[in-house]
Amino acid sequence: MEVQSMHFKARAGQKLADARLQKNLKKLSEKFVTARASAIAELDDFEAIRDAAVERRNRALENLDGWLDCFERNATARGAQVLYAETHEEAARLIVEIARQHGVRKVTKSKSMVSEEIGLNQAFEAAGIQPVETDLGEYILQINQNEAPSHIIAPVIHKDKEEISDLFAKAHSTTRKTEINELTREAREVLRGHFLSAEMGVTGANFLIAETGSVAIVTNEGNEGMCTIMPPKVHVVLTGIEKVLPTLEDLATLMRLLPRSATGQQISNYFSILTGPRGAGEPDGPEHMYYVLVDAGRTGLLGGEFQEMLRCIRCGACMNHCPVYQKIGGHAYGWVYPGPMGSVLTPSYVGVENALDLPHAATLCSQCAVVCPVRIPLPDLLRKLREKQWERGLRPWYEKVGVAVWAFAAMRPALYAFGSRVAVRALKWMGGDRRRIRNLPFAAGWTRSRDFPAPSGRTFREMYRERRRP
Amino acid sequence: MKVGLFVTCLVDAVRPEIGFSAIRLLETAGFEVVVPEWQTCCGQPAYNSGDSRTARVLAEKLLAEFESFDYVVVPSGSCGGQIKVQYIELFRDDPDLKARIERLADKTFELTDFIVNVAKCALPASGFTGTITYHDSCSGLRELGVKKQPRQLLAMLPAVTLTEMKDCEQCCGFGGTFSVKYGDISGAIVDEKCQNIHATGAGAVVLGDLGCMLNIEGRLRRIGDEKTRVLHIAQVLAGDA
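Source: prediction; values computed, not measured.

Attention shifts here to the overall build of chain B. When its secondary structure is counted, chain B shows 13 helices and 8 strands. Taken along its principal axes, the extent of the C-alpha atoms in chain B is 50 × 45 × 25 Å. Evaluated residue by residue, chain B yields a buried proportion of 60% over its 241 residues. Taking as baseline every contact in chain B between residues at least 6 positions apart, the subset at least 24 positions apart corresponds to 78%.

Here is the structure:
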């Protein structure tokens, strides 16, 4: 996907002004936040399960090449082919080639954020192959001129039912439906034909299991099964190399946290573990199975200060609980992954210089770290990205000068005391009788939406000195 | 026992009366309070801007000024968190300084945490009267575990009624320079906070951090609320409000 993160500020402004979006984003706290809280409260010992999950994810990452080898061996032994792609382009090219080899003209897709990363739908279309999204949210976006998802597990959270009703009536040339079950039935009717006529299914992976060579997929609509078990001759699993887990036991631990953290469910409606293509005498499954495992920046995080980010299990809890995401939604972040996890991943994968706003567009309130099931220290990682920007001189000149002038004074207490005394008097004067400033010349961002309460005119230290004078 | 009071730069400049309320609280609890005259800032603005070199220099300055006290008390969760939690990060690779910083961190307390856990809830008589709601500021809550302490102390005031607001643990949108760099996003977040405050019908919102205080007060006044008072917990506990 093309990176638009450099337009963060302008896009965030549009999103704040969009009253309909603001109403739709309320669903986040009403639905996900409350549901997660009660699902987590049901667990006997959430903190201990988190510790175990961290340990198991770390074990996989600390020996990632070894576990990938193990995965490849076992998946190959079960008849699948494992391919690696170093870049997004390479991944898209490999999948298009697989489709061509098998004479594929139509592909059904289950939800995959890596597919957004590599721009798979565009690559298919360029090759004359029709991709059909079958996750309901992703399908809605596809028929809306390939709109980008705004959330990693609820891609269409930014839309309401009315918008979807309009869209269905237009895209399907049907009468406008208003009931949710009518809308889902209409989608089902459209998708059914595609399930039966597609030659290939593409899915993502929530986890890869090294010891069995399997893929684990979590969904709520169950269409993933239609993409993998029903007619398609070919199943392609597309995912990042970091998704591997050594054992099924690891999977069991992670599954105690993933649905609860994501949607507040004890377990998702559907949960598949698929191992290899259809074997002799088996009634279902694809004839051919491929894994395309994507690097595209991930090895760059291994062994460094951002390695912990690779533990991410894509539950979306960090964005659901983020005060900034709750106000602007996912599109403003400008690439595939939004919210706190996206503000770490985007600069890491597409270059710090291409996403200067993201690490700064956070209040560092730490709620994301509190809810992250695998204890990724997101605020610390955001701050480390700020350090990188600073070290590389990527901040605007006025910020560098501002911090330098302030730091110069803060190291010289007499100068600092004098400067504060002048400043508080000036600000008091600016505040006037109402003791508040409506327009701060050097901090217009503050006074656009709030007043600045004026200082009382003298600093604590000058008053303290007077009061203590014998 | 000697307590070094780290006033914080915002109290020093904008709300000096809070510093005096803090002194009154600490002295009532029987501590000798010293305010090192040449203190400036804990370095958080530099740290959060990515300038860790400057943050280290200011951390060393604060360390030298405060390490001789029995306790260090800070009337702010975010400055307290900076000293107690973040400084250690800054000196990861310097064992000598790290050891000194750890000793400093061990004796540094956010004000209400200190009054509850060290001063064992010794409070002056406060004549504060009214209905209040309490906003949990992020660093105090999530870095220092300040949650029950202010409520426990407020419950000791006979004429105070506390009504909790919806999402009292949600960030107010201040975030330091975030509030200036991304003023519109910050404004939308604090607007929601103000709605939650209004819904309680409380006469005052009480909190423990100057950043949140200026942010919330600024927004309340901008939307025409001249009535709801915004108070630091030290002012309420000391009966200075």
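Our next topic: the overall build of chain A. Along its length, chain A carries 22 helices and 12 strands. Each of the 470 residues in chain A was classed as buried or not, and the buried ones make up 46%. Summarising the internal contacts of chain A: among those between residues at least 6 apart in sequence, 75% fall at separations of at least 24.

Now for the interface of chain B and chain A. The interface of chain B with chain A comprises 50 residues on the first partner and 49 residues on the second. When residues of the side of chain B that touches chain A are traced back to their parent elements, those giving at least two are α1 (9-13), α2 (16-28), α3 (44-49), α4 (52-66), α8 (138-144), α10 (178-181), α11 (183-200) and α12 (210-222) of chain B. Considering only residue class, the side of chain B that touches chain A consists of 23 nonpolar, 15 polar and 12 charged.

Another point: the confidence of the model for chain B. It should be kept in mind that the predicted coordinates are not to be read in detail where pLDDT is low. The pLDDT averaged across chain B works out to 97; a share of 100% of its residues lies at or above 70. For this predicted complex, the interface confidence reaches an ipTM of 0.96, while the overall pTM sits at 0.97.

With that settled, consider helix α5 (residues 88-101) of chain A. Residue and element names in this part refer to chain A. Under the 1.5 Å per step criterion, the end-to-end length of α5 is 20 Å for 14 residues, consistent within 8% with the ideal 20 Å. Along α5, the residues that are buried comprise His88, Ala91, Ala92, Leu94, Ile95 and Ala99. End-on view of α5: buried residues confined to an arc of 160°, all on one side of the axis. Facing away from the buried side of α5 by over 90 degrees, the exposed positions are Glu97, Arg100 and Gln101.

All names here are of chain B. Considered domain by domain, chain B is made up of domain 1 (2-117) and domain 2 (130-237). Placing a centre on the C-alpha atoms of domain 1 and another on those of domain 2 gives a separation of 22 Å. Each partner contributes to the interface: domain 1 provides 28 residues, whereas domain 2 provides 22 residues. Within the residue set of the side of domain 1 that touches domain 2, elements represented by two or more residues are α1, α2, α3, α5 (77-90) and α7 (111-117). When residues in the side of domain 1 that touches domain 2 are grouped by element, the largest group, 6 residues, is from α5. Broken down by class, the residue content of the side of domain 1 that touches domain 2 amounts to 12 nonpolar, 11 polar and 5 charged.

Residue and element names in this part refer to chain B. Two elements in contact, α4 and α5, have axes whose closest approach is 10 Å; the angle formed by their N-to-C orientations is 120°. Judged by the angle between their axes, α4 and α5 are oblique. Between α4 and α5 lies a crossing whose hand is left-handed. Contact residues: α4 offers Ser52, Ala55, Arg56, Ala59 and Leu62, while α5 offers Ile83, Tyr87 and Leu90.

Residues and elements named next belong to chain B. Pairing is parallel across the open sheet formed by 4 strands, whose spatial order is β6-β5-β7-β8. Unpaired on one side and paired on the other, β6 (160-162) and β8 (229-232) mark the two borders of the sheet. Between one strand axis and the next, the sheet turns through 35° on average, direction left out of account.

On to the sheet that holds strand β2 (residues 32-34) of chain B. Residue and element names in this part refer to chain B. In spatial order, the strands read β2-β1-β3-β4; together these 4 strands make up an open sheet with parallel pairing. Lying at the two open borders of the sheet, with one neighbouring strand each, are β2 and β4 (108-110). Going from strand to strand, the sheet's axes swing by 30° on average, the running direction of each strand aside. As judged from the 3 bridges shared by strand β1 (residues 2-5) and β2, these two strands associate in the parallel manner. Paired with Gly4 across the two strands is Val34, which belongs to β2. On the sheet, α2 packs against β1, β2 and β3 (71-74) and is oriented at approximately 170° with respect to β1. α5 contacts β3 and β4 of the sheet and is inclined by roughly 155° relative to β4.

Here we come to the nonpolar core. Across soluble globular proteins, you tend to see nonpolar side chains buried next to one another. Of all hydrophobic cores here, the largest spans 201 residues; its most connected members are Ile95(A), Val292(A) and Val73(B). The contacts of Val73(B), once residues within four sequence positions are left out, are Val3(B), Leu5(B), Leu26(B), Phe109(B), Leu111(B) and Phe114(B).

Attention now goes to the environment of Glu110(B). Residues and elements named next belong to chain B. As for its position among the elements, Glu110 is in strand β4. You can call Glu110 buried: it has 31 C-beta atoms within 10 Å. The spacing of Glu110 and Leu97 is 13 residues in sequence and 22 Å in space, taken between C-alpha atoms. Non-local contacts of Glu110, meaning those with residues more than four positions away in its chain, are made with Val74, Gly77, Gly80, Gly140, Leu144, Val146 and Gly208.

One non-glycine residue, Ser366(A), lies in positive phi territory at about 75°. At Asp167(B), a residue that is not glycine, the phi angle is positive and equals roughly 55°. Inspection of the secondary structure puts Asp167(B) in the loop between β6 and α10. Taking the C-beta count within 10 Å as the criterion, Asp167(B) has 15 such neighbours and is therefore assigned partly exposed.

In this section: the domain arrangement of chain A. Many authors give the size of an interface as the accessible area that is lost as the parts come together. Looking at chain A, the domain boundaries give domain 1 (10-42 + 316-395), domain 2 (46-300) and domain 3 (397-468). Here the C-alpha centroids of domain 1 of chain A and domain 3 of chain A sit 31 Å apart.

Looking now at the environment of Leu237(B). Residues and elements named next belong to chain B. Position of Leu237 among the secondary structure elements: in helix α13 (residues 233-237). Judged by local crowding, Leu237 falls into the buried class, with 29 C-beta atoms found within 10 Å. Separated by 87 residues in the primary sequence, Leu237 and Pro150 have C-alpha atoms spaced 9.4 Å apart. In this structure Leu237 touches Leu25, Leu123, Ser126 and Leu153, once residues within four positions along its chain are discounted.

Turning our eyes to something else, we now look at helix α19 (residues 397-410) of chain A. Over its 14 residues, α19(A) extends 20 Å from the first C-alpha to the last, a length consistent with the 20 Å expected when each residue adds 1.5 Å. Among the residues of α19(A), Val403(A), Ala407(A) and Ala410(A) are the ones counted as buried. Seen end-on, α19(A) carries its buried residues on one side only, within an arc spanning 60°. Exposed and oriented more than 90 degrees from the buried face of α19(A) are Trp397(A), Tyr398(A), Val401(A) and Val405(A). Buried residues along α19(A) sit in contact with α20 (413-431) of chain A together with α3 and α4 of chain B.

The rules we used
Residues numbered from 1 in each chain as written. Chains lettered and ligands numbered in written order. Predicted model: local features only at pLDDT ≥ 70, side-chain atom pairs only at ≥ 80, totals over all residues. Helix = DSSP H or I, 4+ residues; strand = E, 2+ residues; numbered from the N terminus. Buried ≥ 20, exposed ≤ 12 C-beta atoms within 10 Å, placed from the backbone. Contact = placed C-beta atoms within 7 Å. Nonpolar A, V, L, I, M, F, W, Y, C, P; charged D, E, K, R; others polar. pLDDT = per-residue confidence, 0-100. Expected span 1.5 Å × (residues − 1). Arc of directions from axis to C-beta. Domains from an automatic or database assignment. Axes fitted to C-alpha atoms, helices over the stretch in contact; angles between N-to-C directions. Parallel < 35°, antiparallel > 145°, perpendicular 65-115°, else oblique. Left-handed = near helix turned anticlockwise from the far one by under 90°. Pairing = 2+ DSSP bridges. Core = buried A, V, L, I, M, F, W, Y, C linked by C-beta atoms within 7 Å.

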